[in-house]
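Descriptive analysis of the structure
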Amino acid sequence: MPKPHRLLDHYVRKAERPGSRARAGVVLVRRTPATIQAVRTITLDDPEFAGTYAVECLPDGRLLLEPDTGPSEETILQRVGGRALTSEEFAEEFGDPPAHGEG
Amino acid sequence: MADRRADRRLRVRFDDEAFALDVARYRPGTPARVAAERAREAFASEGVHRTQLEPCAAEGRDGTQLAGRVKVYLPPEAVEPPFRMLFSPVIVAGGLELAYLAFGVGHQPKGSRARTVYEIAHRRVHGRWPGT
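The structure presented is a predicted model; accordingly, all values stated were derived computationally and were not measured.

Remarks on the overall build of chain B
A count of helical and extended segments in chain B gives 3 helices and 7 strands. With the C-alpha coordinates of chain B rotated into their principal frame, the extents come out at 50 × 35 × 30 Å. Considering only intrachain contacts with a sequence separation of at least 6, the fraction spanning at least 24 residues in chain B is 48%.

Quick word on the overall build of chain A
Regarding its fold elements, chain A presents 4 helices and 5 strands. Reading the secondary structure of chain A in the N-to-C direction produces α-β-α-β-β-β-α-β-α. Per-residue burial for chain A yields a buried fraction of 18% across its 103 residues. Restricting to contacts in chain A with at least 6 residues of sequence separation, those with at least 24 account for 39%.

What to know about helix α3 (residues 117–126) of chain B
Counting buried positions over the 10 residues of α3 of chain B gives 9, a clear majority of the element. Buried residues of α3 of chain B: Val-117, Tyr-118, Glu-119, Ile-120, Ala-121, His-122, Arg-123, Arg-124 and Val-125 of chain B, and no others. On its buried side, α3 of chain B packs onto α3 (73–80) of chain A together with β6 (83–92) and β7 (95–105) of chain B. Positive backbone phi, approximately 80 degrees, marks Gly-127 of chain B, located one or two places after α3 of chain B.

Looking at the interface of chain B and chain A
Taken together, the contacts link 45 residues of chain B with 34 residues of chain A. Put simply, the parts of the chain that give the side of chain B that touches chain A at least two residues each are α1 (16–23), β4 (54–55), β6, β7 and α3 of chain B. When its residues are assigned to classes, the side of chain B that touches chain A shows 23 nonpolar, 9 polar and 13 charged.

Observations regarding the nonpolar core
Counting residues in hydrophobic clusters, the biggest one holds 35 residues, and the most contacted among them are Leu-86, Phe-87, Ala-99, Leu-101, Ala-102 and Ala-121 of chain B. Secondary structure elements with two or more residues in this core: α3 of chain A together with α1, α2 (31–46), β5 (70–74), β6, β7 and α3 of chain B. Those residues in contact with Leu-86 of chain B that lie beyond four places of it in its chain are Cys-56, Arg-69, Lys-71, Leu-101, Ala-102, Val-117 and Ala-121 of chain B. Core analysis: the next-biggest nonpolar cluster, separate from the first, contains 5 residues, Tyr-53, Val-55, Leu-63 and Leu-65 of chain A among them.

Concerning unusual backbone geometry
Residue and element names in this part refer to chain B. The omega angle of the peptide bond from Leu-74 to Pro-75 is -10 degrees, so this bond is cis rather than trans. As for its placement among the helices and strands, Pro-75 is situated in the loop between β5 and β6. The phi dihedral of Ala-93 falls on the positive side, at around 50 degrees, and the residue is not glycine. According to the C-beta neighbour criterion, Ala-93 is exposed, with 7 such atoms within 10 Å.

Thoughts on the environment of Ser-45 of chain B
All names here are of chain B. Tracing the chain through its elements places Ser-45 in helix α2. When the 8 C-beta atoms within 10 Å are taken as the criterion, Ser-45 is described as exposed. Sequence separation between Ser-45 and Val-12 is 33 residues; the distance between their C-alpha atoms is 8.6 Å.

A look at the environment of Leu-86 of chain B
Residue and element names in this part refer to chain B. Structurally, Leu-86 is set in strand β6. With 27 C-beta atoms counted inside 10 Å, the residue Leu-86 sits in the buried group. With 32 residues separating them in the primary sequence, Leu-86 and Tyr-118 have C-alpha atoms 8.2 Å apart.

Details of the packing of α1 of chain B against α2 of chain B
Residues and elements named next belong to chain B. Their axes nearest at 10 Å, the elements α1 and α2 cross at an angle of 155 degrees. When the interaxial angle is binned, α1 and α2 end up roughly antiparallel. Along its contact with α1, which presents Phe-19, Asp-22 and Val-23, the element α2 presents Arg-33, Ala-36, Glu-37 and Arg-40.

A look at the confidence of the model for chain A
Residues and elements named next belong to chain A. When pLDDT is averaged across chain A, the result is 71; 62% of the residues are at 70 or more. The low-confidence segment residues 20–25, where pLDDT is below 50, has 9 contacts with residues more than four positions distant or belonging to other chains. Across residues 30–38 the pLDDT falls below 50, and counting only partners more than four positions away or on other chains, this stretch makes 18 contacts in the model.

Details of α2 of chain B
Residues and elements named next belong to chain B. Under the 1.5 Å per step criterion, the end-to-end length of α2 is 22 Å for 16 residues, consistent within 8% with the ideal 22 Å. Considered for burial, the residues of α2 that qualify are Ala-35, Ala-36, Ala-39 and Phe-43. Down the axis of α2, the buried side of the element spans an arc of 95 degrees, and every buried residue falls inside it. Residues Glu-41 and Ser-45 are exposed on α2 and point more than 90 degrees away from its buried face. Each element contacted by the buried residues of α2 is listed here: β2 (12–13), α1, β3 (48–49), β5, β6 and β7.

Reading the values: rules and limits
- Residues numbered from 1 in each chain as written.
- Chains lettered and ligands numbered in written order.
- Predicted model: local features only at pLDDT ≥ 70, side-chain atom pairs only at ≥ 80, totals over all residues.
- Helix = DSSP H or I, 4+ residues; strand = E, 2+ residues; numbered from the N terminus.
- Contact = placed C-beta atoms within 7 Å.
- Buried ≥ 20, exposed ≤ 12 C-beta atoms within 10 Å, placed from the backbone.
- Nonpolar A, V, L, I, M, F, W, Y, C, P; charged D, E, K, R; others polar.
- Core = buried A, V, L, I, M, F, W, Y, C linked by C-beta atoms within 7 Å.
- Axes fitted to C-alpha atoms, helices over the stretch in contact; angles between N-to-C directions.
- Parallel < 35°, antiparallel > 145°, perpendicular 65-115°, else oblique.
- pLDDT = per-residue confidence, 0-100.
- Expected span 1.5 Å × (residues − 1).
- Arc of directions from axis to C-beta.

Following this line, the structure appears as structure tokens:
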């Protein structure tokens with residue numbers, strides 16, 4: 001019996017046809033073994049798809065996997081208990097970003 | 001006169017949930033995992049030296065919009081550091097600190113579907129993936 005994530009890989013590859021939502025970062029896969037149905041998130045160990053995914057079972061039985069990126073910045077700042085800098089405060093403190101445009 | 005701001009270290013507050021999700025994308029012992037864990041250990045105890053921080057681009061080439069956030073390159077001693085840790089500067093009790101925002105690779109290898117640290121940070125900031 002293949003491991004669950006190997007089965008997911010199989011269906012992920014099937015979903016990678018032109019126009020597939022997989023290309024937009026959302027992967028639709030068919031229902032896989034019962035081990036998947038019982039959880040809300042799943043962690044894949046495959047080099048290409050490593051990470052934690054939120055799992056939603058669609059009414060037609062397919063599973064929707066989406067990368068679980070965790071808390072929003074708003075939630076993080078609420079936990080910290082601070083406030084974000086204004087644009088003026090940020091510019092005063094850190095100046096302008098470099099021109100390489102990396103991100 | 002030297003800029004006194006450049007001489008200081010900024011305290012870093014790590015979000016356990018966000019950090020755990022970010023490092024879970026890498027296996028224990030891999031360069032990425034080691035870089036993240038070492039950085040957290042160092043930053044949590046010593047803070048980040050102001051000179052290590054670089055502002056993120058307001059409009060990145062990849063469509064990410066991260067104005068108002070800063071980053072460090074990791075490992076810091078590497079000639080071409082492959083990893084980045086991003087922070088949101090915050091005012092806490094009147095002082096400037098950094099809130100952990102994301103960790104990951106700066107550029108994914110060609111053909112990879114994995115997300116860069118900038119895309120993950122963009123999603124946490126804006127609630128959607130860049131370009132969607």
